[in-house]
Amino acid sequence: MTVIMRFLTPLILLLPGMASAQLAQNLFLDTKAMSLGNAVTADPVGIMDIHFNPAGLTKLDGRQIQIEAMNIVLSAEAKFSLPDDYDRNEGNLVEIADDPILDENGEAESHASAAAYLPGVGILPMHMPVLTLPTGGVSIQPPGSKFTFANAVYAPMAAGFAKEDDDPGRYQAKQVALQRFTYLSPSFGYKVNEEFSVGASFLFSHQAVAVEQDLRAPNILIGVLEELQDAFGCFDEDGNQTGNDPLAPIITLCGGNVGPYDDVGTLKIQTEETLSPSFNLGFLWEPSDWFAMGVGYQSEAEAHLKGTYDLKYTDDFSEFFQRFNQSIIGAIGGAIFSLPSGVAREKGHVSTKLTYPQHLQIGTKFRFLDRYQLNVDAGWTDFDKWDSLYFEFDRQVGFLGAAKTLAPELVTSTTLRQPMGYRSVWSYSFGFQYDLNSRIQLRAGYEPRETSIPEDARSIQAPLGFMRMYSVGMGYQWDMDTVVDLSLSFMQSKETILADPQDAEATGDYPNSSNSLNRNCLTCTVTNPYPGLDVETKLTIGAAGISFRTKF
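Given the structure is predicted, the values throughout are model-derived calculations rather than measurements. (Residues numbered from 1 in each chain as written. Predicted model: local features only at pLDDT ≥ 70, side-chain atom pairs only at ≥ 80, totals over all residues. Heavy atoms only, no water.)

Student: Break down the overall build of the protein for me, citing the residues and quoting the values.
Tutor: Within the protein, the secondary structure is distributed over 11 helices and 21 strands. Taking 24 Å as the expected radius of gyration for a compact globule of 552 residues, we find that the protein reaches 27 Å, a close match to that expectation. A principal-axis box enclosing the C-alpha atoms of the protein has dimensions of 90 × 45 × 40 Å. Among the 552 residues that make up the protein, the fraction classed as buried is 57%. (Helix = DSSP H or I, 4+ residues; strand = E, 2+ residues; numbered from the N terminus. Rg over C-alpha atoms; globule rule 2.2 N^0.38 Å. Buried < 20%, exposed > 50% of the residue type's maximum accessible area, 1.4 Å probe, protein only.)

Student: With reference to specific residues and values, describe the packing of aromatic side chains.
Tutor: One pass over the full model with this rule turns up 22 aromatic pairs. Aromatic pair Trp285 and Phe291: ring centres 6.1 Å apart, planes at 85°, arrangement edge-to-face. Looking at Trp285, the relative accessible area reads 35%, which means it is partly exposed. Taken together, Tyr313, Phe317, Phe320, Phe321 and Phe324 form an aromatic cluster joined through their ring pairs. One cation-aromatic arrangement involves Arg216 over Tyr171; the distance from NZ or CZ to the ring centre is 4.5 Å. (Phe/Tyr/Trp six-rings, centres within 6.5 Å; stacked < 30°, edge-to-face > 60°. Lys NZ or Arg CZ within 6 Å of the ring centre and 35° of its normal.)

Student: Describe the nonpolar core, with residues and values.
Tutor: The nonpolar side chains of soluble globular proteins are, as a tendency, buried together. Counting residues in hydrophobic clusters, the biggest one holds 59 residues, and the most contacted among them are Phe28, Met34, Tyr309, Phe320, Phe324, Phe393 and Met491. When residues in this core are grouped by element, the largest group, six residues, is from strand S11 (residues 301-313). Residues Phe80, Leu102, Ile460 and Leu517 belong to the second largest nonpolar core, which totals 17 residues. (Core = buried A, V, L, I, M, F, W, Y, C linked by side-chain atoms within 4.5 Å.)

Student: How would you sum up the state of the cysteines? Please name residues and give values.
Tutor: Going through the model one piece at a time under the given rule, you end up with one disulfide. Bridging Cys234 to Cys254, the disulfide has an S-S length of 1.8 Å. With Cys234 in the loop between helix H7 (220-232) and strand S9 (263-285) and Cys254 in the loop between H7 and S9, this residue pair connects regions lying 20 residues apart in the sequence. Its relative accessible area of 1% is what places Cys234 among the buried residues. Residue Cys254 is classed as buried on the basis of its relative accessible area, which comes to 3%. (Disulfide = S-S within 2.5 Å.)

Student: Please give an account of the side chain of Asn375 that cites residues and values.
Tutor: If you trace the backbone, Asn375 turns up in strand S14 (residues 372-381). Reaching out from Asn375, the side chain makes a polar contact with the backbone oxygen of Ala39 at a distance of 3.0 Å. A distance of 3.1 Å separates polar atoms of two side chains, one belonging to Asn375 and the other to Asp43. Setting aside residues no more than four positions away along its own chain, Asn375 makes contact with Leu36, Ala39, Asp43, Thr364, Lys365, Ser429, Phe430 and Gly431. (Polar contact = N/O pair within 3.5 Å; in protein donor to acceptor, adjacent residues only side chain to side chain. Contact = heavy atoms within 4.5 Å.)

Student: Help me get a handle on helix H8 (residues 315-324), residues and values and all.
Tutor: Restricting attention to buried positions, one finds in H8 the residues Phe317, Ser318, Phe320, Phe321 and Phe324. Axial view of H8: buried residues confined to an arc of 155°, hence all on one face. On its buried face, H8 sits against H7, S9, S11 and helix H9 (328-337). (Arc of directions from axis to C-beta.)

Right under this line is the structure:
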């Protein structure tokens, strides 16, 4: 029964994947913003002030159009290894050193590339070395009016990863995508007086969450089952059935060849909502030439995601339960604990609610010595809203049936509530600008980005620990009506997630490991696809942006 909880892995692993929202927040939206470390709440950037601070739209006179392209190179890596002090002679029922992902040196490496979600298609791996994210918008300020109106198409949240079919990291999402695409954003800025402006944006977005993942169950119960199958001689050296099943018909254990490191199946989930509204508010206060202050607020949005799930079991797994349920104990146990029936495939519809968290950004701008400018921003995101996630299925699901016996407060035959425990975080960003002359501005930025993921929920699906972003760029006044912005940025996050001690107890407190990755607790009802292995993750992102804005 414990192992059934492990079949929930892909659902639960949507959760760390959703922490990619922290990765994508305020990133890759605007070239000038990136070059200033996204510290632009008090320093208007152009039409993308729709996102950062709509009050800044008042700086756009006449009719303007802006086109941007952010070219991104992404690398997500993970390294698995046996702990330095691992002792094979301790004789565990599940021998960690026998994990087939490991090479002869007890190591393995996982590599992921970028991926995106296309409505009607699903997750699309981006095998190209460079991923280009375009954005664009227009603004209109009627002659003599205090209003400026604008609209843009952009992605305030976009993150996704894809791995090869045989990648060692495929048991924590072979493919995953979290995406929020704003296709309509009517906005306005209003200039109250020479010192103070306000603004608002009304956003209509498409929200999607999708995952594909291979499943396995490195669990003591499966380890015991494998030992019994070997003792009974269920299969020959080639894995073919021998016909032996000495305890039949009382209990049959030789229907399919199963083990703790054998694949259970593959689960695909795709959910989306086509209309998810939200709004942004902001004000900009400029009491003098040398100081400005801005505040931007992005509302939360509750998306009611609906879609499909498709769980395809391996032949060995489904055949094992088909035979097991035909035995006396299997029939009785299956009826009591709702064990899997042995079907080869389960599919249907699933729905969930996802709250796009509210965000508050406060920024200041200081001008000094005529040519120099310093921007400082502080931002808060309400990830406390991600305390739990609730899934509802359109029918009774086999892989939930036994789990409800173990965790009735979390699981029924048609629903799953998974605790998350994410935390709200403050992050700070800094930007510096030097006016080389009347046409050229040189820029640099630094943004240390905090993570919202608790330490005991770290994973390789969302390798998002504390991350530093460094950036440079420039602005060029091409002519009276045209501005070109350029940016280069680099960011990296590294995490070392050590396994528990080899003799760890299930109830022990071992802060180095993660319940979502490598907890050395082979009887826990948690998602531990890599128990007992040390894991190192590294996420590296480079981006080069160009923006062109002109009057028309």
